[in-house]
Amino acid sequence: MTTYSDDMLGRARVRDTADLEAYYAKLAALEAGALWTIANKIEPWYPQPQSRPVKWSYADLRPLVLEALRLVSGDDAGRRVVALYNPERRDIAATVGLLYTGLQVMGPGESMTAHRHQAAALRFVLEGTGAWTIVDGQKLKVGPRDFAITPNWTWHEHGNEGIEGGPDPAGPVIWQDGLDIPLVNALDAPFYEVHPDVYQKQVGVTNSSLYTYGAGQLRPFGADTWHKSHSPLLAYPWEPTYEALLNAAKASDGSPYDGIIMEYSNPLTGGSVMPTMSAHMQLLRAGESTSAHRQVGSKIYTAAKGSGTSIVAGQRIDWTEGDIFCVPSWAWHEHANASTSDDACLFSFNDFPVMRALGFWREEAYPDNDGHQPVTPN
Ligand code: 1HN
């Protein structure tokens with residue numbers, strides 16, 4: 001067991017005196033300071049996220065998201081989005097760590113203007129059948145539980161056809177946006193451009209990346225010419241994703257911490273879909289409950305199917321379809337399906353690719369109590 005004492009040799013343990021206080025004042029006047037006064041704070045023993053575990057209830061938020069349809073136009077808002085903020089992270093518009101998420105709504109027949117930014121984005125569709133997005137000229141149609149990416153600096157615009165193939169009467173689309181905006185801003189790296197023609201021209205057939213790269217293990221002709229840092233596949237429909245999880249469940253028990261879990265991957269490299277964010281879909285079998293683990297990196301979960309309970313840093317979070325919750329870096333977390341007859345699925349995205357690229361990645365299993373955390377009463 002490691003002891004974490006800030007009084008030990010090896011940590012900063014200066015006792016302040018009147019002389020030192022006077023000295024600190026002289027340093028402060030020169031925009032300087034004594035490192036030993038803050039060393040332990042800026043070099044904690046382990047991650048000390050300011051973000052807390054939070055759940056955002058879809059049943060509570062949905063009426064407010066829909067209310068925005070009549071309150072603001074898409075053209076004025078740019079994007080009509082209700083952002084989800086961690087209480088201590090509002091100042092940087094973060095949901096957890098340096099990740100952002102929000103709920104975007106588009107009415108039938110609406111379309112949004114095209115822009116691009118340094119931040120990468122991803123989408124997970126919660127409801128509505130008419131959604132489309134154009135990413136660097138490529139039009140993608142997405143439906144409920146589909147996952148799509150908008151890699152950084154790609155032109156993008158979205159809309160809701162609301163007619164063809166949609167319900168009658170046509171309904172709104174609500175999808176979840178996930179962005180690394182707080183990360184990009186923390187690095188002082190943001191850029192933004194409005195498309196010179198306001199809207200893009202579609203290039204090629206709708207869903208062309210899916211036709212070309214959607215066969216997973218089959219590498220298409222021309223793949224050698226793809227040298228971008230993101231996946232050439234821009235959309236990952238729900239049906240094959242769910243089927244892959246069901247098939248994997250026939251062959252394996254999956255992860256003790258996550259059940260049957262699959263990462264949405266770049267079909268050419270097997271790596272994450274984008275350099276800063278990765279996403280997963282996981283299936284908890286009927287009656288399944290997992291053991292707790294923790295990782296360096298932040299995660300945002302969406303209940304995609306069914307209902308269950310997750311324990312995050314000792315806090316119990318009950319979820320049902322559309323609910324979103326977050327796991328701060330290095331927080332213990334475990335999941336349980338509430339049903340003993342149906343499976344449940346959790347979508348999640350994270351900043352793990354950043355942690356891995358920088359050599360920060362760590363993962364640990366909860367050591368005690370059969371892998372289960374004590375739960376703090378609410
Ligand atoms: C953005 O560009 C979109 O393009 C959605 O749909 C949400 C949140 C913050 C900053 C930019 C979009 C966003 C965003």
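Here is what the cut-offs are and how they apply
Residues numbered from 1 in each chain as written. Predicted model: local features only at pLDDT ≥ 70, side-chain atom pairs only at ≥ 80, totals over all residues. Heavy atoms only, no water. Helix = DSSP H or I, 4+ residues; strand = E, 2+ residues; numbered from the N terminus. Rg over C-alpha atoms; globule rule 2.2 N^0.38 Å. Buried < 20%, exposed > 50% of the residue type's maximum accessible area, 1.4 Å probe, protein only. Contact = heavy atoms within 4.5 Å. Phe/Tyr/Trp six-rings, centres within 6.5 Å; stacked < 30°, edge-to-face > 60°. Lys NZ or Arg CZ within 6 Å of the ring centre and 35° of its normal. Near = heavy atom within 4 Å. Polar contact = N/O pair within 3.5 Å; in protein donor to acceptor, adjacent residues only side chain to side chain. Areas by Shrake-Rupley, 256 points an atom, 1.4 Å probe, with all protein chains shown as cover. Nonpolar A, V, L, I, M, F, W, Y, C, P; charged D, E, K, R; others polar. Pairing = 2+ DSSP bridges.

Caption draft 1: Layout of the overall build of the protein. When helices and strands are counted, the protein shows eight helices and 22 strands. Relative to the 2.2 N^0.38 estimate, which gives 21 Å for 378 residues, the radius of gyration of the protein is 23 Å and therefore close to what a compact globule would have. Relative to its full complement of 378 residues, the protein shows a buried share of 49%. Considering only contacts within the protein whose residues lie at least 6 apart along the sequence, 75% involve residues at least 24 apart.

Caption draft 2: Broad picture of the packing of aromatic side chains. If you walk through the whole model with that rule in mind, you get 16 aromatic pairs. A centroid spacing of 6.3 Å and a plane angle of 50° characterise the contact between Tyr-23 and Tyr-24, whose relative ring orientation is tilted. Look at Phe-147 and Phe-347: their rings are 5.6 Å apart centre to centre, the planes differ by 45°, and that puts the pair in the tilted class. Placement of Phe-147 in strand β8 (residues 147–150) and of Phe-347 in strand β21 (residues 344–350) is noted, with a sequence separation of 200 residues between them. Each residue in the set Phe-124, Phe-147, Tyr-236, Tyr-264 and Phe-347 is aromatic and connected to the rest through ring pairs, giving one cluster. Over the face of the ring belonging to Trp-132 we find Lys-139, whose NZ or CZ atom lies 4.8 Å from the ring centre.

Caption draft 3: Region of the structure containing the site of the ligand. Residues in contact with the ligand, as listed here, are Arg-79, Tyr-100, Gln-104, His-115, His-117, Arg-123, His-156, His-158, Asp-177, Leu-179 and Ile-181. Note that an oxygen atom of the ligand is positioned 2.6 Å from one of the side-chain N or O atoms of His-158. Coverage of the ligand by the protein chains reaches 85% of its 330 Å² of free accessible surface. Only β3 (100–106), β4 (115–117), β9 (156–160) and β10 (173–179) provide two or more residues apiece to the shell around the ligand. Among the residues making up the shell around the ligand, the classes are represented as three nonpolar, five polar and three charged.

Caption draft 4: Representation of the sheet that holds strand β1 (residues 55–56) in the model. One open sheet holds the six strands; their spatial order is β1-β19-β16-β21-β14-β13, and the pairing between them is antiparallel. Two strands in the sheet have a free side with no partner beyond their single neighbour: β1 and β13 (260–263). Relative to β21, strand β14 (residues 278–284) is paired through seven bridges, and the arrangement is antiparallel. Counted as the bridge partner of Leu-283 is Cys-345 from β21.

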